[in-house]
Amino acid sequence: MLSEAKTPGTDDWYLAELAAELGAGFPRLAMLDSYRDGTFVVPMEADAAVREAYKKFAKKARLTFADTIVTQTVGRLNLRGFRTAAEQDVNGDREATRLMRANQLEVQLRDMFDQKSTHGVSHALVAIDEFGEPYATVRDAKSCRVRMNAVRPWLVDAAVVASWDPINQQDVLTLLRPGYVRVAVKPTARSTIPTDGTLWSPGVDWTWTTGPMPLGFTERCPVVRFSNPRGLGEYENHIDSIDRVTEDILQRLTITAMQAFRQRALTPADN
């Protein structure tokens, strides 16, 4: 139980607040995904049989500009390399390049660019593995939520990463703070974290499995946020235009189909 969840600035408070913000954002992310894959034209309230029949017809009318916008944007972004901040560091750039290749960052950052373009934000997390080797992973907006520093908004004050542990059958929330990390769990036979875009209320029924574990390699929060202006997806401001054009095409196709199957009666013309 997060007993200090109502005390601002505590680990309990950060965990509860960021997890709640993460869960509240699931419907928006699912909506953006639906415009990316074209399923936005299918009414969610319809039953399975109607949805399947309608989907086949609506696919002909959907406007797939969202996917085009993302792929064209991501295709123009490339990783050029890394530079170290230390002055007169002869081997720094070479070591950074080695770590970049070891972590396949050219591939991972391509995924990060794609996530950022779709959802408006993505994250990179740095840690040390069990062999003492630095590694970096990319986390999307569906699994990671951060709180930026109020004075220096380019720095992260806290971050929460949500995941599911199928072996121990428990939901896991990892809290990352400047210089340390903590893990909280909630035992459950099935993950309570939705994947269908519904709201998630994580509550405070979480148990810390560890105390603050020092990172050892930095005194900052080891998470970097990459975001679009205002945190919007590349096509998010144009959803109404996509809806308008798609609805117009769908209505035209519907009228055409109805006219094609309408029964007509022919009578001879009067002489």
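Residues numbered from 1 in each chain as written. Predicted model: local features only at pLDDT ≥ 70, side-chain atom pairs only at ≥ 80, totals over all residues. Heavy atoms only, no water.

Honestly, the overall build of the chain in this entry has me stumped. Any pointers?
Scanning the chain from terminus to terminus reveals seven helices and nine strands. Among the 271 residues that make up the chain, the fraction classed as buried is 39%. In the chain, the share of contacts with a sequence separation of at least 24, taken over all contacts with a separation of at least 6, comes to 62%. A total of about 17,000 Å² of accessible surface is found on the chain, and carbon and sulfur atoms cover 53% of it. (Helix = DSSP H or I, 4+ residues; strand = E, 2+ residues; numbered from the N terminus. Buried < 20%, exposed > 50% of the residue type's maximum accessible area, 1.4 Å probe, protein only. Contact = heavy atoms within 4.5 Å. Areas by Shrake-Rupley, 256 points an atom, 1.4 Å probe, with all protein chains shown as cover.)

What is the right way to read the pattern of salt bridges from this model?
Pairs may arise between side chains of opposite charge once their charged atoms sit close together. Counting across every chain of the model gives nine salt bridges. Between glutamate 21 and arginine 147 there is a salt bridge, and its shortest N-O distance comes to 2.6 Å. One end of the pair, glutamate 21, is in helix H1 (residues 11-24); the other, arginine 147, is in strand S3 (residues 144-148), with 126 residues separating them in the sequence. Overall, glutamate 21 belongs to the partly exposed group, its relative accessible area being 23%. Taking relative accessible area as the criterion, arginine 147 reaches 21% and is therefore assigned partly exposed. Between aspartate 33 and lysine 142 there is a salt bridge whose closest N-O contact spans 2.6 Å. Of this pair, aspartate 33 sits in helix H2 (residues 26-37) while lysine 142 is found in the loop between strand S2 (134-140) and S3, placing the two residues 109 residues apart along the sequence. What makes aspartate 33 buried here is its relative accessible area of 19%. Because the salt bridges share partners, they merge into one network encompassing Asp11, Arg177 and Arg182. (Salt bridge = Lys/Arg side-chain N within 4 Å of Asp/Glu carboxyl O.)

Spatial relationships are all this shows, so hold off on functional conclusions.
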